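# Coordinate analysis (summary)
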Amino acid sequence: ALFWTYAALALVAVVRERFFALRLLVVLVPWALVNVPASALLGAPRYATFLLAGAAGLAAGGLAALSRAHPRTIAGAAVLLAGAAAAAGVPSVVEVATRRSPPIAAIETLRSGRYARGAVVHDPALRMHVARMLPERARGEIAGGLAVVAEAGDVVLAADRLVPGLLEERRFGYRTPLLARLSHGVLMNVEVGIAPAALSVGTRQAAPGAATVRYDGDIPFSIDSPRDGGVLRGSLQVEGWTQLRGGGTVEPFEFRVDGQLVRPIRVDRIPRPDVASAIPSIGDPSRAGYDARLDASGLVPGAHTLRITFRTSDGRRRISHPVRFTWLP
């Protein structure tokens, strides 16, 4: 209702206060053309807050045009309209200002009681929170789309979903419905619980007896070739680097093309001094790089998607982003 009221008043301003509306648009439109397309999709609404000044300004112009015939009535309507717009956001502002967010409240519980023991198995959306607030805890990530299994005693953190079968389950969430619209419904609710036994906690159900695999979204890696959208001719060569900060070993463990496992003919570890120059904490770069030649005998010419699974010496894994490429024999 507020939006359509502002829109109607803005239309009045465009029709009856053209010069004023034009000057306002001259200020706002160039800014919007430069900033909004370059903003991240989820962040664009936040960066476009500046445009609310345009809506308010045009609505004010419309009220000014109408006030010539009914000055007192329009003045009162303007006060009510501004007050209603502010009041709509008050519950959200108060809740965010006075209560811990669901991720923070949930992770703070992991410092006491039974929650203080065991590895933390968490959704990818909570990676930053867990890494910053519990850097000393062993942890594993519920990699998207995979059938991840938690071990008995693991503490499970699930964002915006429920995991059945957990013990000592607690849920933390925002109460104001408007916050879900402002944040696209992301990180509105966090569930905490303890796995009583080996338990499927991924977004895809694991088969009975599936092994536990720890995924870690912070394992550093890069796929330099093929580049996303690039073309490979002849051999199927994959190059890049991977190594833990401090020099810990990471191996390119599995290569999958279009979801199918592809056999590596050879995998060589090579020096990458450029990585050490860019990331000094990476340690000795003498084996940071990898150069793999894959078996392309079953590959048909055309577009394909590559994913690599990287594995550390203690068994943690990370699955790469998809790299789309075209292969020509």
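Structure report, in brief. Small disclaimer: the values here were computed from a predicted structure and weren't measured.

## Side note on unusual backbone geometry
Cis peptide bonds are those with omega within 30 degrees of zero, and the linkage from Ser 225 to Pro 226 qualifies with 5°. For Pro 226, the position within the fold is in the loop between strand S8 (221–225) and strand S9 (230–233). A positive phi angle, near 55°, is found at Leu 187, a position not held by glycine. Note on Leu 187: relative accessible area 18%, which makes it buried. Positive phi is not limited to glycine here, since Asp 258 has a value of about 55°. Residue position: Asp 258 is located in the loop between strand S11 (250–257) and strand S12 (260–261).

## Describing the pattern of salt bridges
For the structure shown, the criterion picks out 19 salt bridges. Put simply, Arg 100 and Glu 108 hold a salt bridge, and the shortest N to O gap is 2.9 Å. Using a relative accessible area of 56% as the deciding quantity, one classes Arg 100 as exposed. Residue classification places Glu 108 among the partly exposed residues on the basis of a relative accessible area of 30%. Across the pair Arg 127 and Glu 141 runs a salt bridge, and its minimum N-O distance is 2.8 Å. Taken together, the residues span a long stretch of sequence, with Arg 127 in helix H7 (residues 127–133) and Glu 141 in strand S2 (residues 139–141) at a distance of 14 residues. Residue Glu 141 is classed as buried on the basis of its relative accessible area, which comes to 7%. Connected through salt bridges with shared partners, the residues Glu 151, Asp 154 and Arg 214 form a single ionic network.

The rules behind each value
Residues numbered from 1 in each chain as written. Predicted model: local features only at pLDDT ≥ 70, side-chain atom pairs only at ≥ 80, totals over all residues. Heavy atoms only, no water. Helix = DSSP H or I, 4+ residues; strand = E, 2+ residues; numbered from the N terminus. Buried < 20%, exposed > 50% of the residue type's maximum accessible area, 1.4 Å probe, protein only. Salt bridge = Lys/Arg side-chain N within 4 Å of Asp/Glu carboxyl O.

All quantities given are derived from atomic positions and should not be read as evidence of function.
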